[in-house]
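One-letter residues, chain by chain:
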Amino acid sequence: MNETLQQTSPFLRACRGLTTDYTPIWLMRQAGRYMPEYRAIRAQHSMLEVIGTPELAAEVTLQPINAFGLDAAIIFSDILPPLIGMGFHLEFAKGEGPVIYNPITSPADVAVLRTPSAAENMGATLAAIRLVTAELTPRNIPLIGFAGAPFTLASYAVEGGGSKTYSKTKALMYTAPEAWDQLMRKLVIVQAEYLRQQVVAGATALQLFDSWAGLALGVQDYVRYVQPYNTMLFAELADLGVPVINFSGGTAVYFPEVVACGGDVIGIDWRLPLDVAWEMAGIDKPAQGNLDPVALLTEWPTLRERVDDVLVRAAKVRAAGGAPHIFNLGHGILPNTPVDNVRRLVEYVHEATAR
Ligand code: CP3
């Protein structure tokens, strides 16, 4: 990894537990529909076209970096495209979100899934990473690569899209545990290699998104059907020399089990106060989060109060000997977020934490 970037980027320093001049900030889904520049590109190109064209993906990745003083970029893609090369027919349907037209309906469907290399499957995203890092490394801004965790991807592969109950996914894990194991292992193989290749291409940090694990499962199912695979995946990434962020949503009731899977930085969603979740995770680990994205839809005094609450809780943990805090949302930014609130948030976090 680039030595200067490692020494000087506040985000990368915080990920490694080192001091910074201010609290670094980036926002999950920071490139997206709340930005007019993004909507202009999407008016001309489908979601998969943007992801599949390195120049467009690079441009969209840089839009929030050029608009706000963010401390890290995240490569523009989605968690679902790696499923395409495994054999799934994926589309981002207008107004509906992602759809998979040939979801898994039997163990035989799992047996035929391929485990293609990232070069074959995700070459455009790897090329976009090379373009973005060529631009950002001289500007001292790191790039985060990412992937979906096996459970969250499996849930799309089995449900065929989003779900409220995850009933098909849970039916597969309960009634065909061997097929479930095979599916999760294939996802670990594909995602581990994809994340590794993102680092080879220039990503200087990684984030694993297990967005739906906490909303779908109880603790016993999490421990039995999810935890072993996330643990395998984090172990595969341990020798890469870049920090790995472990983010999951809705997992407050089994947060220690989530943290035990691995990762260098723990992502905290918006459901528990930052310090409460951080103490459950162990305050010796850097934490990332956890402003409720809905706060960004309010007027500045309300937003500021919410931001201050996160910062005060982070300062309290730090004063008690805790690791550094990376400011972020507790989940992805919402499409109807006012751009001015994002600008103000980034400036405010930097000013309020300058030391
Ligand atoms: O953070 C970033 O800016 C990088 C890009 C990014 C996107 N999706 C772009 C996107 C990342 C990191 C993701 C992750 C992702 N995608 C997750 C995990 C994070 C989370 O929010 O929980 C999940 C569950 C998905 C799956 C997904 N992609 C859904 C459910 C949807 C539809 C809902 C929605 O937000 O539109 C998407 C589409 C998507 N992914 C968009 C963007 C910018 C919107 C596409 C568009 O209409 O332009």
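Residues numbered from 1 in each chain as written. Predicted model: local features only at pLDDT ≥ 70, side-chain atom pairs only at ≥ 80, totals over all residues. Heavy atoms only, no water.

Peer 1: Can you walk me through the overall build of the chain in this structure?
Peer 2: Across its full length, the chain holds 19 helices and nine strands. Compactness check: the chain gives a C-alpha radius of gyration of 19 Å against a globular reference of 20 Å for 355 residues, within 12% of the reference. If you line up the chain on its principal axes, its C-alpha atoms span 60 × 45 × 40 Å. Counting only residues that meet the buried cut, the chain has 57% of its 355 residues in that class. Expressed as a percentage of contacts within the chain between residues at least 6 apart in sequence, the contacts between residues at least 24 apart total 73%. Summing over all exposed atoms, the chain offers an accessible surface of approximately 14,200 Å²; the carbon and sulfur share of this is 53%. Of the charged side chains in the chain, 27 are positive and 35 negative; the average position of the first set lies 2 Å away from that of the second. (Helix = DSSP H or I, 4+ residues; strand = E, 2+ residues; numbered from the N terminus. Rg over C-alpha atoms; globule rule 2.2 N^0.38 Å. Buried < 20%, exposed > 50% of the residue type's maximum accessible area, 1.4 Å probe, protein only. Contact = heavy atoms within 4.5 Å. Areas by Shrake-Rupley, 256 points an atom, 1.4 Å probe, with all protein chains shown as cover. Lys, Arg positive; Asp, Glu negative; His and termini not counted. Charge placed at Lys NZ, Arg CZ, Asp CG, Glu CD.)

Peer 1: Please explain the pairing of strand S7 (residues 265-268) as it appears in this structure.
Peer 2: Regular strands place side chains that alternate from one sheet face to the opposite one. Side-chain alternation along S7 places Val-265 and Gly-267 on one buried face and Ile-266 and Ile-268 on a second face that is also buried. Across two bridges, strand S6 (residues 244-248) lies against S7 in parallel orientation. Residue pairing for S7: Asn-246 is matched across the bridge by Ile-266. Taken together, S6, helix H16 (residues 255-260) and S7 form a β-α-β motif whose crossover is right-handed. Inspection of the sheet shows S7 paired to strand S8 (residues 287-291) by three bridges, in the parallel sense. (Pairing = 2+ DSSP bridges. Right-handed = clockwise from strand over helix to strand, strands pointing away.)

Peer 1: I keep staring at the site of the ligand and nothing clicks. Help me out?
Peer 2: Around the ligand there are 23 residues in total, and Arg-29, Arg-33, Tyr-38, Ser-211 and His-331 lie nearest to it. Here the ligand has 870 Å² of accessible area as a free molecule, and 88% of this is covered by the chains. Counting only elements with at least two residues in the shell around the ligand, the list comes to helix H3 (36-44) and strand S3 (97-100). Along the lines of polarity and charge, the residues of the shell around the ligand split into 14 nonpolar, five polar and four charged. Taken domain by domain, the shell around the ligand gets at least three of its residues from each of domain 1 (1-30 + 285-355) and domain 2 (34-67 + 72-263). (Near = heavy atom within 4 Å. Nonpolar A, V, L, I, M, F, W, Y, C, P; charged D, E, K, R; others polar. Domains from an automatic or database assignment.)

Peer 1: Can you help me understand helix H17 (residues 274-281) in this one?
Peer 2: In an α-helix, one turn spans 3.6 residues, which is why side chains three or four residues apart end up on the same side. Along H17, the positions that sit buried rather than exposed are Leu-274, Asp-275, Ala-277, Trp-278 and Ala-281. The arc enclosing the buried residues of H17, seen along the axis, measures out at 165 degrees, which places them on a common side. Elements in contact with the buried residues of H17: H16, S7, S8, helix H18 (300-319) and strand S9 (325-329). Gly-282, located one to two residues past H17, shows a positive phi value of around 105 degrees. (Arc of directions from axis to C-beta.)

Peer 1: Please clarify how a positive patch on the surface should be interpreted in this entry.
Peer 2: Residues Arg-29, Arg-33, Arg-42 and Lys-94 make up a contiguous surface patch of positive charge. Topologically, Arg-29 is positioned in the loop between helix H2 (10-15) and H3. (Patch = residues over 30% accessible without salt bridge, like charges linked within 9 Å, V, L, I, M, F, W, Y side chains within 5 Å. Salt bridge = Lys/Arg side-chain N within 4 Å of Asp/Glu carboxyl O.)

Peer 1: Would you take a moment to explain the side chain of Asn-246 for this structure?
Peer 2: Turning to its location among the elements, Asn-246 is positioned in strand S6. Looking at Asn-246, its side chain comes within polar contact range of the main-chain oxygen of Gly-262, at 2.9 Å. (Polar contact = N/O pair within 3.5 Å; in protein donor to acceptor, adjacent residues only side chain to side chain.)

Peer 1: Hey, could you run me through the packing of helix H11 (residues 167-175) against helix H12 (residues 177-201) in this one?
Peer 2: For any two helices packed against each other, one specifies the crossing angle of their axes together with the interaxial distance. At their nearest, the axes of H11 and H12 sit 5 Å apart, and the two run at 115 degrees to each other. With respect to each other, H11 and H12 are oriented roughly perpendicular. Each of Thr-169, Leu-172, Met-173, Tyr-174 and Thr-175 in H11 lies in contact with H12, whose residues at this interface are Pro-177, Ala-179, Trp-180 and Leu-183. Considering only residue class, the contact of H11 with H12 consists of seven nonpolar, two polar and no charged. (Axes fitted to C-alpha atoms, helices over the stretch in contact; angles between N-to-C directions. Parallel < 35°, antiparallel > 145°, perpendicular 65-115°, else oblique.)

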